Amino acid sequence: MSRSEFRYNRKRKHYSYLFKDLGTKRKIIILSSKPFRKVHKKIKKNIKLYRHPNPCSNKEVYVIPFIYIDDITSFEEKKRNWKFHPNDKRIIKHIKKRH
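Residues numbered from 1 in each chain as written. Predicted model: local features only at pLDDT ≥ 70, side-chain atom pairs only at ≥ 80, totals over all residues. Heavy atoms only, no water.

Participant: Could you give me a rundown of the pairing of strand β8 (residues 68–71), with the residues and numbers involved?
Facilitator: The side chains of a regular strand alternate, first on one face of the sheet and then on the other. Taking every second residue as pointing to the same face, the buried face of β8 carries Tyr68 and Asp70, while none of Ile69 and Asp71 on the other face is buried. Direction of pairing for strand β3 (residues 25–32) relative to β8: antiparallel, over a ladder of four bridges. Considered in β8, the bridge of Lys25 is made with Asp71. (Buried < 20%, exposed > 50% of the residue type's maximum accessible area, 1.4 Å probe, protein only. Helix = DSSP H or I, 4+ residues; strand = E, 2+ residues; numbered from the N terminus. Pairing = 2+ DSSP bridges.)

Participant: Can you explain the pairing of strand β2 (residues 14–22)? Please cite residues and give values.
Facilitator: Two elements, strand β1 (residues 2–9) and β2, share six bridges in a ladder whose sense is antiparallel. Within the sheet, the bridge partner assigned to Asn9 lies in β2 and is His14. Between β1 and β2, which pair antiparallel and follow one another directly, the connecting turn spans four residues, one of which, Lys13, has a positive phi of 60 degrees. Where β2 meets β3, six bridges bridge the pair, whose relative direction is antiparallel. Among the inter-strand pairings, Leu22 is bridged to a residue of β3, identified as Lys25.

Pasting the structure below:
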């Protein structure tokens, strides 16, 4: 079953975009505020979004181009009424289809 919502991920301490259900697990894409991340002592680039999904925020936001799978208990109950900008939907779609 598909899903499209934003929630805070307590396990990874970032906001995340939930897009697919797998029983009690959820496929997610993580939002970050930093342009780089460290993975096994290597520096990896994050992808910059055109606009923050939160309509009240003007901060720069990046997306980690990797799909994570977490249990539903690692998320907050509160859903965010955020939306991706049409320019960003193409980036997210590419990440979802890449794996």
